[in-house]
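# Notes for the structure review
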Amino acid sequence: MTLRDDVEGIDAAILMASKVWEASGHVENFTDPLVDCRNCKARFRADKAEKNKDGKLMCPECESTNVTEARNFNLMFKTFMGAVEDSAATIFLRPETAQGIYVNFHNVQQSTRRHLPFGIAQIGKAFRNEITPGNFIFRTREFEQMEMQYFVRPGEDEKWMEFWKQARWDWQLSIGLDKNKLRFHPHGEGELAHYAKAAFDIEFEFPFGWSEIEGVHNRTDFDLGRHQQFSKKNLQYVDLLNNNEKYLPYIIETSAGADRTMLAVLCNAYQEDKANERVVLKFHPSVAPIKLAILPLSKKPELESIADKVFKDFQQSYKIQYDDSGSIGKRYRRQEEIGTPFCITVDFDSLNDQAVTLRHRDTMVQERVSLDKLKNAIDDKFKNWK
Ligand code: ATP
């Protein structure tokens, strides 16, 4: 976010008035079609279940077609504000972070003196009463969203939609996801949400099949229009660069889940290297939780003092772990299993040649690097990572 000079950050409220969710359309439309299996009593989503060859919905648990009609089930979690639990006190936990951005659009635009186009981004928790959570952290009831709403002049929305589709695709590649495991899924007529003019999911090929990790949506002026109508506050933008023209901006939204991205990154990185009897998480360095490990070959004070110095030198720039327990082979395996790109080993030769061994996680290649060139060598390797 801070790398883009056209995007501001925000941290909006989690509990929001029911009026906000009436305006957004969530009270009316944010539903999943819920079906019960009469045979095994399982409950499932009609839109995610398979049909048999006669076109009848099958229970995902027992494959019975003896199932109820679909009923619409609202996914928002409700609670009450204040002492009285009546409908006037009903509020909702946000099912998406986007609406917190829309209701703050004017505050942000005016306090930052932004001209269009510009974006507002937010990372934060969202809550959905999912009927069928599962597939590890793919679908949970409490999850972290990473959303950005980009406000543009009407008529420029299609151009910006293309821009953000490409930018988000490139970002997914930049965190190391294999391009053969990524695809766009355009929403067809029947699939489009109530607010959308166009929508594309970015899907990843998980072990359980292709599934959405992010959505890029053209939401038009639907959201600001509805919030303006329900709040009776003028949300028009005054375009000082275009004869003070007044209009409601169109919105291009990029909406990703941190948890699903994490799961994609894990599935993408996991490899069983049978030839070398090891399990490796081949994380791209940008997402590896630990970037470097420093491993003194023995606990002798002479080696530890070199290792300590390297640790302190690198601590400011990289998340680094110090490990001096167990055989060196075991320590390499530990780091491979958590996806650390490089290990630095201090051995007895280091005392004489003032150099250490740098070991690459993926190739297992080891090279000797003198201590005074170590920082540059590592910076270079991260910069030119393949
Ligand atoms: P699905 O069809 O899988 O329920 P959705 O189309 O409802 O997903 P969006 O409303 O577009 O999802 O939400 C944007 C992003 O938030 C998704 O791409 C996903 O990464 C994340 N997300 C949505 N629901 C969940 C959930 N229950 N658990 C984890 N992440 C989620």
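Presented here is a report on the structure given in the accompanying data block. (Residues numbered from 1 in each chain as written. Predicted model: local features only at pLDDT ≥ 70, side-chain atom pairs only at ≥ 80, totals over all residues. Heavy atoms only, no water.)

### Focus: a nonpolar patch on the surface
A grouping of L297, F348 and L351 is seen on the molecular surface, where their side chains present a nonpolar patch of about 230 Å² in accessible area. Note on F348: relative accessible area 39%, which makes it partly exposed. (Patch = residues over 30% accessible without salt bridge, like charges linked within 9 Å, V, L, I, M, F, W, Y side chains within 5 Å. Areas by Shrake-Rupley, 256 points an atom, 1.4 Å probe, with all protein chains shown as cover. Salt bridge = Lys/Arg side-chain N within 4 Å of Asp/Glu carboxyl O. Buried < 20%, exposed > 50% of the residue type's maximum accessible area, 1.4 Å probe, protein only.)

### Thoughts on the site of the ligand
Not every one of the 16 residues close to the ligand is listed here, only the nearest: E130, R139, T140, E212 and I213. A distance of 2.9 Å is found between an oxygen atom of the ligand and a backbone nitrogen or oxygen belonging to I213. Secondary structure elements with two or more residues in the shell around the ligand: β9 (142–152), β12 (209–220) and β15 (250–257). Residue composition of the shell around the ligand, grouped by class: four nonpolar, four polar and eight charged. (Near = heavy atom within 4 Å. Polar contact = N/O pair within 3.5 Å; in protein donor to acceptor, adjacent residues only side chain to side chain. Helix = DSSP H or I, 4+ residues; strand = E, 2+ residues; numbered from the N terminus. Nonpolar A, V, L, I, M, F, W, Y, C, P; charged D, E, K, R; others polar.)

### With respect to the packing of aromatic side chains
Throughout the structure, instances matching the rule amount to 19 aromatic pairs. Here the aromatic rings of F184 and F200 are separated by 6.1 Å at their centres, their planes lie at 80°, and the arrangement is edge-to-face. Here F200 lies in strand β11 (residues 198–206) and F184 lies in strand β10 (residues 182–186), a separation of 16 residues in the sequence. Among the aromatic residues, those joined into a ring-pair cluster are F314, Y318, F342, F382 and W385. Here the basic side chain of R219 rests over the ring of Y195, its NZ or CZ set 3.6 Å away from the ring centre. (Phe/Tyr/Trp six-rings, centres within 6.5 Å; stacked < 30°, edge-to-face > 60°. Lys NZ or Arg CZ within 6 Å of the ring centre and 35° of its normal.)

### Some points on the pattern of salt bridges
For the structure on display, the rule yields 30 salt bridges. We note a salt bridge from R153 to D239, for which the minimum N-O separation is 3.0 Å. Of the two residues, R153 sits in the loop between β9 and α5 (157–174) while D239 sits in strand β13 (residues 237–239), which places them 86 residues apart along the sequence. Across the pair K197 and E158 runs a salt bridge, and its minimum N-O distance is 3.1 Å. Taken as a pair, K197 in the loop between β10 and β11 and E158 in helix α5 lie far apart in primary sequence, 39 residues in all. Through salt bridges with shared partners, a single ionic network connects D32, R45, D47, E130 and R139.

### Considering the environment of P341
Summarising the element assignment, P341 is placed in the loop between α9 (328–337) and β20 (342–346). Remark: the alpha-carbon pair of P341 and A293, spanning 48 residues in sequence, is separated by 8.7 Å. Non-local contacts of P341, meaning those with residues more than four positions away in its chain, are made with P285, A288, I290, K291, R359, H360, R361, F382 and W385. (Contact = heavy atoms within 4.5 Å.)

### A short note on the sheet that holds strand β1 (residues 7–9)
Taken in spatial order, the seven strands of this open sheet run β1-β8-β9-β15-β12-β11-β10, and their pairing is mixed. A single partner strand is all that each edge strand has here, and the edge strands are β1 and β10. The sheet shows a mean angle of 25° between the axes of neighbouring strands, taken without regard to direction. Pairing of β11 with β12 involves nine bridges; the strand directions are antiparallel. The residue bridging D201 from the neighbouring strand is G215, located in β12. Along the sheet face, helix α4 (residues 105–112) touches β1, β8 (118–127) and β9 and points at about 140° away from the line of β8. (Pairing = 2+ DSSP bridges. Axes fitted to C-alpha atoms, helices over the stretch in contact; angles between N-to-C directions.)

### Describing the sheet that holds strand β7 (residues 90–93)
Hydrogen bonding along the main chain pairs the strands of a sheet, whether they run parallel or antiparallel. What the three strands build is an open sheet, ordered β2-β7-β6; its pairing is antiparallel. With one partner strand each, in any of the chains shown, β2 (15–17) and β6 (78–80) form the two edges of the open sheet. The average angle at which neighbouring strand axes cross in this sheet is 45°, direction not considered. As defined by bridge partners, β2 adjoins β7 across three bridges and the pair is classed as antiparallel. Residue pairing across strands places L15 opposite L93, the latter belonging to β7.

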